[in-house]
Amino acid sequence: MNCPLHVKEGAEILLDYCSQRMDPDRAAEFRLHVADCVDCRQVVEAQTAVWNALDSFEAVSVSVDFDRKLWARIDSEDAQSPWRHAWTRFVSGPAIGWSNYLFNWKPILATATAGAALAAVMLVSTPPATKPVDPSMDQKQLVERVERALDDVDMLNQVGVIDSAHPAGTI
Amino acid sequence: MEAVGALERDAELMLRVRAGDTASFAQLLEKHRGPVVHFLFRMVQNQSVAEELAQEVFLRVYRSRETYEPTAKFTTWLFRIATHLALNQIRDRKHEKNQENLDEETSEGMTRQVADRGLTVEQSMVRDARLGEVRSAIASLPDKQRAAVMMHKYEELEYSQIAKALACSESAVKSLLFRAYETLRGRLAHLA
């Protein structure tokens, strides 16, 4: 057997042997090599010592109310109205990272950006509107507009536009 | 991609959760609660923070149920979320530079581990000192190396799973692990 310290995959061989992940035949072969190779023996002994030292770092037991707290949070989210639920999901971000999340939003962001750019061009190239913003728009109309916007977000969420690019569970 | 042939048990449960079966989520929680909390505890070395992060991990899994697709091992996905949260927390804490809670929790954690064993005072002190050195050596590792060691040594994940959890290649994981263990050998050699 070639000395692992002098081959490309040596690190993996030493790691697998010391963590007992090596298949038995290969481990037996490596054990024979270690018996003859001082350098490998030193590495294996030092790594075994580290391995044993790490064993002393035991994890503490989980709090007894862990599940109760979690279910309370889940129940609280489930009890929210659909649009609020969608909003919570939106503001709390994705399961893994914002980079993926933003990536999922790329088509929507791109469309929105294009739309905004088009609107800006039209604003510049067309004469100003003769009619100013309707001052008679009351509170009720404003509320309706906001509700429509939230419904749109909810609808997008329900049809899976937000998550369809990278479904949960994919890496 | 892993586990695309025979659907693993966890993935089956998660698909049931997607269909609205909360009892299956309870089963997943029962099975993975310990490993996730333990992993996070060793990463952040603070039990209350670890449990808070673990809650967030399971909450994110539950929130994502409607869009879940079993294209990777459930454990890999779970530890990817946990790793992401742990690394963010460590980064935030570094910015805060507030070690007060860590010190308190460190002492508490040690006391708990010793209390169960019925050791003499002297044995407890030796064990505390040894454990302190191990924790300190782990804490001194760069974040990704630390996460790789925790998943390799304690959670016994495969290289491919660790790679996916850390969003890097398998060869990068092996390199991270080798460097991490090399550092630990240097710091903990005297404990042999």
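Predicted model, so just to flag it, every value in this text is computed and none were measured. (Residues numbered from 1 in each chain as written. Chains lettered and ligands numbered in written order. Predicted model: local features only at pLDDT ≥ 70, side-chain atom pairs only at ≥ 80, totals over all residues.)

Across its full length, chain B carries 9 helices and 0 strands. If you list the helices and strands of chain B from N to C, you get α-α-α-α-α-α-α-α-α. Residue burial in chain B is summarised as follows: out of 192 residues, 42% are buried. Taking the contacts inside chain B whose residues are at least 6 apart along the sequence as the reference set, 69% of them involve residues at least 24 apart. (Helix = DSSP H or I, 4+ residues; strand = E, 2+ residues; numbered from the N terminus. Buried ≥ 20, exposed ≤ 12 C-beta atoms within 10 Å, placed from the backbone. Contact = placed C-beta atoms within 7 Å.)

Counting its secondary structure elements, chain A contains 8 helices and 0 strands. When each of the 171 residues of chain A is scored for burial, the buried share is 13%. Considering only contacts in chain A between residues 6 or more positions apart, those separated by 24 or more positions represent 63%.

Residue and element names in this part refer to chain A. Summary statistics for chain A give a mean pLDDT of 75 and a share of 65% for residues scoring 70 or more. Predicted confidence for residues 98–104 stays below pLDDT 50, and this span has 11 contacts to residues more than four positions away or in other chains. For the stretch residues 160–164, pLDDT sits under 50, and the model shows 9 contacts to residues farther than four places along the chain or on other chains. (pLDDT = per-residue confidence, 0-100.)

This next bit is on the environment of Arg80(B). All names here are of chain B. With respect to the secondary-structure elements, Arg80 resides in helix α4 (residues 74–96). For Arg80, a count of 22 C-beta atoms within 10 Å translates into the label buried. In the structure, Arg80 is positioned 35 residues away from Gln45 in sequence and 19 Å away in space, judged by C-alpha atoms.

Here the focus is the nonpolar core. In this structure, Leu40(B), Leu53(B), Val57(B), Leu78(B), Ala82(B), Ala148(B) and Ile162(B) are the most contacted members of the largest nonpolar core, which totals 57 residues. Here this core takes 9 residues from helix α2 (residues 22–44) of chain B, the largest share from any one element. Once you skip the residues sitting within four places of it in the chain, Leu40(B) turns out to touch Ala50(B), Leu53(B), Ala54(B), Ala82(B) and Ala86(B). One finds Leu14(A), Tyr17(A), Phe30(A) and Cys40(A) within the second-largest nonpolar core, a separate group that totals 7 residues. (Core = buried A, V, L, I, M, F, W, Y, C linked by C-beta atoms within 7 Å.)

All right, on to the environment of Asp92(B) then. Residues and elements named next belong to chain B. Of note, Asp92 is situated in helix α4. C-beta crowding within 10 Å serves as the criterion here: with 9 such atoms nearby, Asp92 is assigned to the exposed category. Linking Asp92 and Asp10, residues 82 residues apart in sequence, is a C-alpha distance of 32 Å.

As a further point, take the packing of helix α1 (residues 10–18) of chain A against helix α9 (residues 170–188) of chain B. Each packed pair of helices is defined by two parameters, the angle between the axes and the distance between the axes. Taken N-terminus to C-terminus, the directions of α1(A) and α9(B) make an angle of 65 degrees; their axes are 10 Å apart at the nearest point. Between α1(A) and α9(B), the angle is such that the two are roughly perpendicular. The handedness of the crossing between α1(A) and α9(B) is left-handed. Of the residues in α9(B), those in contact with Ala11(A), Glu12(A) and Leu15(A) of α1(A) are Lys174(B), Leu177(B) and Phe178(B). Here the residues of the contact of α1(A) with α9(B) sort into 4 nonpolar, no polar and 2 charged. (Axes fitted to C-alpha atoms, helices over the stretch in contact; angles between N-to-C directions. Parallel < 35°, antiparallel > 145°, perpendicular 65-115°, else oblique. Left-handed = near helix turned anticlockwise from the far one by under 90°. Nonpolar A, V, L, I, M, F, W, Y, C, P; charged D, E, K, R; others polar.)

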